[in-house]
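Listed below are the residues making up each chain.
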Amino acid sequence: MKIPMTLNGQAQLREELENLEISLSEIADAIGEAIKHGDLSENADYHANKNKQGMVLAKIAQIKSRLASAQVIDVTKLAESSRVVFGTTVTLLNMTTEQRNVYQIVGEDEADVALQKLSINTPVARALISREQGEVVEIDGVDQLIRYRIEKVEYI
């Protein structure tokens, strides 16, 4: 199954992978140093670094798998329209509060609401996909139905 991802998301995963590989090398050095101290059965540094090594190796495998399964989408290369698609940046107007929010619809790995990046798998993003600028979208909130008007769709 392909995992949608923006170019930026792919770059972030690759950077994280590089950092983990550097960390893995440092952990291997620490394990080598701990082995020099003798009896491994009571060597806390050795055991701590072996555990850390296992966690880093698992994270590396996970990232490599995500990258291998990625369907990288460069939204700037898509034919622009007023339709919301993966990777677009959408300006929404809450019809009740008159508050405006701007979100980019991104892959799971790069989602961060604080940075205004919504995962494609969130209810809001799913409700927006294939809708057009000017349309009103209703989304089930915790206590109420929330109505948003799509004010702007940008392919940036």
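Placed above this text is the structure.
Values in this document were obtained by computation on a predicted structure and should not be read as measured data.

What follows concerns the nonpolar core. If you look at soluble globular proteins, the nonpolar side chains tend to sit buried side by side. Val84, Val90, Leu92, Ile105, Leu128 and Ile150 are the most contacted members of the largest nonpolar core, which totals 19 residues. Among the secondary structure elements, those contributing two or more residues to this core are β3 (89-94), β4 (100-106), α3 (123-128), β6 (136-140) and β7 (145-154). Among the elements that make up this core, the one with the highest residue count is β7 (4 residues). In this structure valine 90 touches Val84, Asn101, Val102, Tyr103, Ile105, Leu128, Ile150 and Lys152, once residues within four positions along its chain are discounted.

On the secondary structure map, asparagine 49 appears in helix α2 (residues 44-68). Among the polar contacts made by the side chain of asparagine 49, one reaches the main-chain carbonyl oxygen of aspartate 45 at a distance of 2.9 Å. In contact with asparagine 49, other than residues within four places in its own chain, are Ile27, Ala30 and Ile31.

Our next topic: α2. Helical periodicity: at 3.6 residues per turn, an α-helix aligns residues three or four positions apart in one direction. A rise of 1.5 Å per residue sets the reference length of α2, with its 25 residues, at 36 Å; its end C-alpha atoms lie 36 Å apart and thus fit the reference within 8%. For α2, every residue scored as buried is listed here: Tyr46, Asn49, Gln53, Val56, Ile60, Ile63, Arg66 and Leu67. Where α2 is buried, its residues contact β1 (3-6), α1 (7-36) and β2 (70-73). The N-cap of α2, judged by a side-chain oxygen 3.2 Å from the amide nitrogen of aspartate 45 a few residues on, is asparagine 43.

Conventions we followed
- Sequence order as written defines residue numbering, which begins from 1 separately in each chain.
- For this predicted model, a pLDDT threshold of at least 70 governs which residues receive local features, and a threshold of 80 or more governs which side-chain atom pairs are given and counted, while totals over whole chains, interfaces and linings are taken from all residues.
- For the side-chain quantities, the full set of heavy atoms in the structure was used; hydrogens and water were omitted.
- In these notes, a set of buried Ala, Val, Leu, Ile, Met, Phe, Trp, Tyr and Cys residues joined through side-chain atoms within 4.5 Å is what counts as a nonpolar core.
- Remark: exposure states derive from per-residue accessible area (1.4 Å probe, protein chains only) relative to the maximum for the residue type, with buried under 20%, exposed over 50%, and partly exposed in between.
- Secondary structure is summarised from DSSP: a helix means a run of H or I of at least four residues, a strand means a run of E of at least two, and numbering begins at the N terminus for each.
- By definition in these notes, contact holds between two residues if any of their heavy atoms fall within 4.5 Å.
- Any pair of N or O atoms that falls within 3.5 Å is considered a polar contact. Within protein, one atom must be able to donate a hydrogen and the other to accept it, and sequence-neighbouring residues count only if both atoms are side-chain atoms.
- Every helix has an expected span of 1.5 Å times one less than the residues it contains.

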